[in-house]
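# Structural overview for review
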Amino acid sequence: MTRILMVCLGNICRSPMADGLLRRKVKEEHLDVFVDSAGTANYHVGKRPDQRMCQTAIANRTNIDDLRARQFVVEDFDLFDKIYAMDKENQINILKHARNSTDKEKVELILNELNPGKDQTVPDPYYGTSTDFQEVYTLLDHATDVVIRKIKNGTIR
Ligand code: 4NP
């Protein structure tokens, strides 16, 4: 089983969306993949995803209502094969917990799956508009398509 963790700051907007999208696609494709998400901050621990992200998800036939925020912990390096950060700041904060090179190698920016080496950010929509939430959805829809393709061809294991 491949285990993939999506990480943002609050775990209420971007990473739940990435988590929900990948869960849906893994199920549709009958793949043996465990998906979860976490935040580098603890502001929203235990909360459901932001209502605006839930609505955008539903409008795009993806349900993230049941997800609950949790904070990233060092043990996530043991539980997951691949850890995707939504932006550079999240990536740096995840890497602060890394104990060795194996841990470090698991961490990648999610949009580098879409545009390799570009180090692009999934913009934080928290103070944004519904258009910003839709943009997050679209970026993550495309990025998770690549993740699914790589799982299927064995590039991600
Ligand atoms: P997320 O968005 O990292 O995509 O979940 C945010 C959620 C909450 C805050 C910032 C970003 N906040 O400052 O509370």
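Above this note sits the structure.
A brief report on the enclosed structure follows. No experiment lies behind these values; they were computed from the predicted model shown.

## Here's the deal with the sheet that holds strand β4 (residues 107–109)
Spatial ordering of the open sheet is given by β2-β1-β3-β4, a layout of 4 strands whose pairing is parallel. Each having just a single partner strand, β2 (33–39) and β4 make up the two edges of the open sheet. Shown here is a sheet whose adjacent strand axes are inclined to one another by a mean of 25°, direction ignored. Summarising the sheet, strand β1 (residues 2–8) and strand β3 (residues 82–85) pair through 4 bridges and their orientation is parallel. Of the residues in β3, the one forming a bridge with M6 is Y84. Packed onto the sheet, helix α4 (residues 88–95) meets β1, β3 and β4 and runs at close to 175° relative to β4.

## A look at the packing of aromatic side chains
Under the defined criterion, the tally for this structure stands at 3 aromatic pairs. Considering the side-chain rings of F72 and F77, the 5.4 Å spacing of their centres and the 80° angle between planes classify their relative orientation as edge-to-face. Here F72 falls in the buried class, since its relative accessible area comes to 5%. Given the relative accessible area of 0%, F77 is considered buried. Between Y126 and Y127 the ring centres are 4.9 Å apart and the planes differ by 80°, which places this aromatic pair in the edge-to-face class. For Y127, a relative accessible area of 77% corresponds to the exposed category. The cationic tip of R52 hangs over the ring face of Y126; the distance from NZ or CZ to the ring centre is 5.6 Å.

How each quantity is defined
Residues numbered from 1 in each chain as written. Predicted model: local features only at pLDDT ≥ 70, side-chain atom pairs only at ≥ 80, totals over all residues. Heavy atoms only, no water. Pairing = 2+ DSSP bridges. Helix = DSSP H or I, 4+ residues; strand = E, 2+ residues; numbered from the N terminus. Axes fitted to C-alpha atoms, helices over the stretch in contact; angles between N-to-C directions. Contact = heavy atoms within 4.5 Å. Phe/Tyr/Trp six-rings, centres within 6.5 Å; stacked < 30°, edge-to-face > 60°. Buried < 20%, exposed > 50% of the residue type's maximum accessible area, 1.4 Å probe, protein only. Lys NZ or Arg CZ within 6 Å of the ring centre and 35° of its normal.

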